[in-house]
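# A look at the structure
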Number of protein chains: 2
Amino acid sequence: MKTLKYSRQRESIKTCLMGRKDHPTADALYTSIREQFPNISLGTVYRNLNLLVELGEIRKFSCGDGTDHFDYDTSPHYHFVCRHCGKITDVPMNAAADLEDDASHFIEGNIESHTVFFYGCCGDCLKNQTLY
Amino acid sequence: MKTLKYSRQRESIKTCLMGRKDHPTADALYTSIREQFPNISLGTVYRNLNLLVELGEIRKFSCGDGTDHFDYDTSPHYHFVCRHCGKITDVPMNAAADLEDDASHFIEGNIESHTVFFYGCCGDCLKNQTLY
DNA sequence: CCATAAATAATAATTATTATTAATATTAGA
DNA sequence: TCTAATATTAATAATAATTATTATTTATGG
């Protein structure tokens, strides 16, 4: 009977993540939140983010840049990662329903979910292409 | 005119990775290789793995368990990750050719590649289900 | 051979994340 | 409303993964 007790820090983490359309890391979120809570601890951010993931209120994913990213949108959707600037954007296509069915023919176990990451060069970086 | 000099350490890293059908981490590979090269350095393993990735001879990916994994198979293919034991297996379905086309309608930039990870419970862990 | 550029082993440093702990804040019940 | 019980916090230490530094060794063109 572990009751979850309210904390304003966790609340601010949720609202802060909700308000962002990028997919911040724990450290980026920590920086943002410190504007309102100057002495919040990085450990508190990490612990609450992982707690919220366990509760299913947010999502955590890694796209290959070495750090975990967090997403307030828990609905199944895909991401596009820019190889130049690292920006992560949602891909508003509907998840391919048949992908898991197709895959299930080739593996022994049960498939519960899947993720898709597209990699390339984002529009902004294409404009500044002269820089590369 | 940066000439790549031969090293038996790098050679052993390649052949070791080639001989494995799992998708080892740098540290797992380090452990294996030390049987033949007892005093190879972990830094050497990391440096050469990243070099081989740059050369396009191997692939690096992260599946969400916090560490990078390496794959000798550079052809586009998908992976299945067991949430219980962490085992990563290839999914021998052919990559969905239309996925990138579909996604391209929803984003500004250029898509160069994509990855798909399926998550679930592998066959071995399903058998031992009583353990959970 | 030999000179030299590149690779190595050993180690230090960095980064991302988790664990510990004593103090504080929240809440359930008297 | 008070108070005791306990979850949460801030601060800090610890750990794990990875990268950088440096002195030494090695492969290779001349």
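Just so you know, the residues in each chain are numbered from 1, in the order the chain's sequence is written. All chains are assigned letters beginning at A, and all ligands numbers beginning at 1, according to the order in which they are written. Predicted model: local features are reported for residues with pLDDT of at least 70 only, side-chain atom pairs are reported and counted for 80 or more only, and whole-chain, interface and lining totals are derived from all residues. In computing side-chain properties, one takes all heavy atoms of the structure into account and sets aside hydrogens as well as water.

Note on definitions: a residue-residue contact is assigned when non-hydrogen atoms from the two residues lie within 4.5 Å. Each partner contributes residues to the interface: chain A has 32 residues there, and chain B has 32 residues. Here a polar contact is taken to be a pair of N or O atoms separated by no more than 3.5 Å, where protein atoms must pair a possible hydrogen donor with a possible acceptor and residues adjacent in sequence count only if both atoms sit in side chains. Taken together, chain A and chain B are joined by eleven residue pairs in polar contact (both at pLDDT 80 or more). Secondary-structure elements contributing two or more residues to the side of chain A that touches chain B are β3 (78-82), α4 (98-104), β5 (110-121) and α5 (123-127) of chain A. For helices the rule is a DSSP run of H or I covering at least 4 residues; for strands it is a run of E covering at least 2, with both sets numbered from the N terminus onward. Looking at the side of chain A that touches chain B, the element that brings in the most residues is β5(A), giving twelve residues. Three classes are used, and their members are as follows: Ala, Val, Leu, Ile, Met, Phe, Trp, Tyr, Cys and Pro are nonpolar, Asp, Glu, Lys and Arg are charged, and the others, Gly among them, are polar. Each residue belonging to the side of chain A that touches chain B can be placed in one class, and the counts come to 18 nonpolar, nine polar and five charged. In terms of strand pairing, β5(A) meets strand β5 (residues 110-121) of chain B through eleven bridges, oriented antiparallel. Its bridge partner being in β5(B), A:Ser113 is matched across the sheet by B:Tyr119. Strands are treated as partners if at least two bridges between them are detected by DSSP.

This part takes up the protein's contact with DNA strand D. Within the structure, DNA strand D sits among 20 residues, and A:Ser7, A:Thr44, A:Arg47, B:Arg8 and B:Tyr46 are positioned closest to it. Considering DNA strand D, the proportion of its atoms within 4 Å of the protein that are sugar or phosphate atoms stands at 76%. Interatomic distance of 3.2 Å between a backbone N/O atom of A:Asn39 and a phosphate oxygen of DNA strand D. The contact in question runs from a phosphate oxygen of DNA strand D to an N or O atom on the backbone of B:Asp68, over 3.0 Å. Sorting the residues of the surface near DNA strand D by element identifies α1 (8-18) and α3 (42-55) of chain A together with α3 (42-54) of chain B as the ones contributing at least two each. Of the residues in the surface near DNA strand D, the class split is five nonpolar, nine polar and six charged. A single heavy atom is enough: if one lies within 4 Å of a molecule or strand, its residue is considered near that molecule or strand.

Residue and element names in this part refer to chain B. Interaxial distance between helix α1 (residues 8-18) and helix α2 (residues 26-33) falls to 10 Å at its minimum, and their mutual angle equals 105 degrees. Taken together, the axes of α1 and α2 lie roughly perpendicular to each other. Seen from α1, the contacting residues are Ser 12, Ile 13, Cys 16 and Leu 17; seen from α2, they are Leu 29, Ser 32 and Ile 33. Residues of the contact of α1 with α2, tallied by class, amount to five nonpolar, two polar and no charged. A fitted line through C-alpha atoms represents every axis, and for helices the fit uses only the stretch in contact; the resulting angles, taken between N-to-C directions, go from 0 to 180 degrees. Working definition: roughly parallel below 35 degrees, roughly antiparallel above 145 degrees, roughly perpendicular at 65 to 115 degrees, and oblique for all remaining angles.

The next subject is the packing of α2(B) against α3(B). Residues and elements named next belong to chain B. Taken N-terminus to C-terminus, the directions of α2 and α3 make an angle of 120 degrees; their axes are 10 Å apart at the nearest point. Taken together, the axis directions place α2 and α3 in an arrangement best described as oblique. Relative to α3, the crossing made by α2 is right-handed. Residues Ala 26, Asp 27, Leu 29 and Tyr 30 of α2 pack against Leu 42, Val 45, Tyr 46 and Leu 49 of α3. Left-handed describes a crossing whose near helix is turned anticlockwise from the far helix through less than a right angle; right-handed describes the clockwise counterpart.

Right, let's get into the pairing of strand β4 (residues 88-91) of chain B. Residue and element names in this part refer to chain B. Of the strand pairs in this sheet, strand β3 (residues 78-82) and β4 are connected by four bridges, and their pairing is antiparallel. Paired with Tyr 78 across the strands is Val 91, a residue of β4. Joining the antiparallel neighbours β3 and β4 is a turn of five residues, in which Gly 86 adopts a positive phi near 80 degrees.

Residue and element names in this part refer to chain A. Any pair of Phe, Tyr and Trp rings, taking the six-membered ring for Trp, is counted once the centres come within 6.5 Å. Such a pair is stacked with planes under 30 degrees apart, edge-to-face with planes over 60 apart, and tilted for the rest. In this structure the tally under the stated criterion is six aromatic pairs over all chains. Summarising the aromatic geometry, the rings of Phe 61 and Phe 117 are spaced 5.6 Å apart at their centres and angled 45 degrees between planes, so their arrangement reads as tilted. Here Phe 61, found in strand β1 (residues 59-62), pairs with Phe 117, found in strand β5; they are 56 residues apart in sequence, far enough to count as distant. Of the two residues examined, Phe 61 and Phe 117, each falls in the buried class. By way of ring pairs, the aromatic residues Phe 61, Phe 117 and Tyr 119 are connected into one cluster. Under the scheme applied here, a residue whose accessible area is under 20% of the maximum for its type counts as buried, over 50% as exposed, and between as partly exposed, the area being computed with a 1.4 Å probe on protein chains only.

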